Amino acid sequence: MKLLQLSTGLNGIGCNAEVMPQKITLTLRPEAAFEMPISEGYQLYSALLHVMQEGDAEMARYTHDSPIGSISLGPLEGRFCRSDRAMHKAADANERYDLAVGITDPKEVLIFRSIIAPLVLKERNLPLEKGELRVEELKSSTVSFQELLSLAGESKDPCLDIQFKSPTCIQYKNTKVFEMFPHREAVFHSLLSKWNAVCPEELKMAMERDDIARFMIEKPQAYGTHSIVVNTVFDRVKGHARPIMKQGFTGRCRYTFAKNAPEGLRNGIVALARFAEYSGVGSSVARGCGAVAVKVGGSVGGGKTTL
């Protein structure tokens, strides 16, 4: 893991010869107290694209339009104040907030640079609707797809403990129906699709949905359901903006394997679980949905996140 102060240059950072999932963790401070929606992900996404425009306008457009989902955003993590406004919270000017940005796109080097060039070199703030967040610290970590698979093979106790930190929105196949429970098949088929969309050709996995359901067991520890704003659009008929909503779940779930689960499937699932901390789970991950923290058999997934 590398730690960058705001004055640090970009040489050598994010310059991987191969495609490597990457995570950037920003420590942010509000310039002043201000309100934001409880589900702040879509505002953070707009703010990130705004600063990317300065670093690389073409890459900002690519990130927005990419069908594979170039980035994932976690929630702002820190203490908030109460707001008198419904479905809102207030950022405290004396508090620091962490924001995790995952990058899994094959163009991860360019996306990485287009994010940190304005934030580090130009010391740009993240502009939300009611206030701004200043970057005080930036950390970056990477892992290769091969490393994820190798780590999975070393797991002696493949028990997966996953905390779904922000609403996880998984659509059932080609319908408008969303999963409202952390079902093993839904969660890991979503991750399988994300993995195969961005990994090197030789590391793609052939895993049947039925095998995921047959050889895995989910044990929810606690969970809740949510309807979350992921975007706003202007309604020309009504003459004002309206929210775009999706449904999903949060909570914590433990996944184990049946005794007769094939070793290849076990290893593949463990690799996908660790990959989830970079890719997010389900849809709208760029707008703050599907952020997770993972523990694998007593060791922390990705080497840096605890529950």
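First, a word on what this report is: a plain description of the structure on this page. In this text the structure is predicted, and so the values were computed from the model without any measurement.

**Notes on the pattern of salt bridges**
When the charged atoms of two side chains lie near each other, side chains of opposite charge can form a pair.
Here is step 1 of the chain: With the rule as written, the count across this model stands at 15 salt bridges.
Here is step 2 of the chain: Across the pair arginine 124 and glutamate 54 runs a salt bridge whose closest N-O atoms are separated by 3.0 Å. Of the two residues, arginine 124 is situated in the loop between α3 (108–121) and β8 (126–127) and glutamate 54 in helix α1 (residues 41–55); the sequence distance between them amounts to 70 residues.
Here is step 3 of the chain: Looking at arginine 124, the relative accessible area reads 31%, which means it is partly exposed.
Here is step 4 of the chain: The shortest N-O distance in the salt bridge between glutamate 77 and lysine 165 comes to 2.9 Å. In this pair, glutamate 77 sits in the loop between β4 (71–73) and β5 (80–82) while lysine 165 sits in strand β10 (residues 160–168), placing the two residues 88 residues apart along the sequence.
Here is step 5 of the chain: We classify lysine 165 as partly exposed; its relative accessible area is 27%.
Here is step 6 of the chain: One network of salt bridges, with partners in common, ties together Arg29, Arg96 and Glu136.

**Here we look at the sheet that holds strand β3 (residues 34–37)**
Here is step 1 of the chain: Overall, antiparallel pairing links the 3 strands, which are arranged β3-β6-β5 in an open sheet. The sheet terminates laterally at β3 and β5, the two strands that pair on one side only. With direction set aside, neighbouring strand axes in the sheet form an average angle of 45 degrees.
Here is step 2 of the chain: By the bridge criterion, 4 bridges tie β3 to strand β6 (residues 88–91) in an arrangement that is antiparallel. Residue pairing in the sheet places phenylalanine 34 in a bridge with alanine 91 of β6.

Parameters and conventions
- Residues numbered from 1 in each chain as written.
- Predicted model: local features only at pLDDT ≥ 70, side-chain atom pairs only at ≥ 80, totals over all residues.
- Heavy atoms only, no water.
- Salt bridge = Lys/Arg side-chain N within 4 Å of Asp/Glu carboxyl O.
- Helix = DSSP H or I, 4+ residues; strand = E, 2+ residues; numbered from the N terminus.
- Buried < 20%, exposed > 50% of the residue type's maximum accessible area, 1.4 Å probe, protein only.
- Pairing = 2+ DSSP bridges.
- Axes fitted to C-alpha atoms, helices over the stretch in contact; angles between N-to-C directions.

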